[in-house]
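So you can see what is in the structure, the chains are spelled out below.
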Amino acid sequence: MVKEYIDFINNHYARLVYEINREVDDRLEELRNGFIKEIYNYLTPDMPVHYEEDHTYDPPYDCSGELVEAGKISADITVNEFLEEEYNGDKHASYCSGCGFFHDTYSDSLQSFTLEYGVGLMHRKIREILDKELKVELSDEEFEEIYREMGCFDEIYVGTKIYDFFCPEIVAQMCGIDKLKLSEVIQLTEKSDDFIIVEEVI
């Protein structure tokens, strides 16, 4: 039976991509609200430390620099600035000659949220379509086997909007929250569970 499911996926690639993209569009408000809450979690109970990169003590063979504390992050910056420009204090290996590591931004922190949301949505939609069109109810084990045999659905993934979920900045723009100030994120979250509908960016 698993072969039948795989054949269906291979023969309906365009439709699956279309349906997943439409599902993303239909869930933008849900995604927006979840993203705002995730950002809010980093801003409370106090605004996080604002770091600046200092290269004063870099040796000749390494331009990694180090982070130094320089006050608190301003609530007047935008979500996009927060994601792209503010360091979270962590670092990871660069694997680049002359630079031992890169300093992580809040985009790195929030990448797991956007990816997990997007990939989860894609998996649920694929499973829903298989169940409906083939009149079955896939078990978790069957879906896991299909997932492995289809190479983690990589071909479908790269054809959908989910591919951009690797970059939280793009997701923020997609949701229309990239230009919100952090102070607005805090107000929206603390005011109520009903967020203002921000005009979507097309």
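All of the points below concern the structure found in this document. Since this is a predicted model, take the numbers as computed values, not measurements. (Residues numbered from 1 in each chain as written. Predicted model: local features only at pLDDT ≥ 70, side-chain atom pairs only at ≥ 80, totals over all residues. Heavy atoms only, no water.)

**Focus on the packing of aromatic side chains**
Logical step 1: As enumerated under the stated definition, the model contains seven aromatic pairs in all.
Logical step 2: Here F35 and F113 contribute two aromatic rings whose centre-to-centre distance is 5.7 Å and whose plane-to-plane angle is 40°, an arrangement assigned as tilted. Taken together, the residues span a long stretch of sequence, with F35 in helix α3 (residues 28-43) and F113 in helix α5 (residues 106-133) at a distance of 78 residues.
Logical step 3: In this structure F35 comes out as buried when scored by relative accessible area, which is 0%.
Logical step 4: The class of F113 is buried, set by a relative accessible area of 15%.
Logical step 5: When the centroid spacing of 5.6 Å and the interplanar angle of 45° are considered together, the rings of F143 and F153 count as tilted. With a gap of ten residues between them, F143 in helix α6 (residues 140-149) and F153 in the loop between α6 and α7 (154-159) connect regions that are remote in the sequence.
Logical step 6: An aromatic cluster is present here, built from F35, F113 and Y117 joined pairwise through their rings. (Phe/Tyr/Trp six-rings, centres within 6.5 Å; stacked < 30°, edge-to-face > 60°. Helix = DSSP H or I, 4+ residues; strand = E, 2+ residues; numbered from the N terminus. Buried < 20%, exposed > 50% of the residue type's maximum accessible area, 1.4 Å probe, protein only.)

**Concerning α3**
Logical step 1: A rise of 1.5 Å per residue sets the reference length of α3, with its 16 residues, at 22 Å; its end C-alpha atoms lie 23 Å apart and thus fit the reference within 8%.
Logical step 2: All of the buried residues in α3 are L28, L31, R32, N33, G34, F35, I36, I39, Y40 and L43.
Logical step 3: For α3, the secondary structure elements touched by its buried residues are α2 (13-26), α4 (79-85), α5, α8 (168-175) and α9 (182-191). (Expected span 1.5 Å × (residues − 1). Contact = heavy atoms within 4.5 Å.)

**Some remarks on the nonpolar core**
Logical step 1: Counting 50 residues, the largest nonpolar core has I39, F82 and I146 as the members making the most contacts within it.
Logical step 2: The greatest single-element share of this core, amounting to nine residues, is contributed by α5.
Logical step 3: If sequence neighbours within four positions are ignored, I39 has contacts with V79, F82, L110, I177, L182 and V185. (Core = buried A, V, L, I, M, F, W, Y, C linked by side-chain atoms within 4.5 Å.)

**Looking at the pattern of salt bridges**
Logical step 1: Taken as a whole, this structure holds ten salt bridges when the rule is applied.
Logical step 2: Linking R15 and E133 is a salt bridge whose minimum nitrogen-to-oxygen distance equals 3.0 Å. In this pair, R15 is assigned in helix α2 and E133 in helix α5, connecting sequence segments 118 residues apart.
Logical step 3: Overlapping salt bridges bring together E23, R27, E30, K125 and E128 as one network. (Salt bridge = Lys/Arg side-chain N within 4 Å of Asp/Glu carboxyl O.)

Keep in mind these values describe shape, not function.
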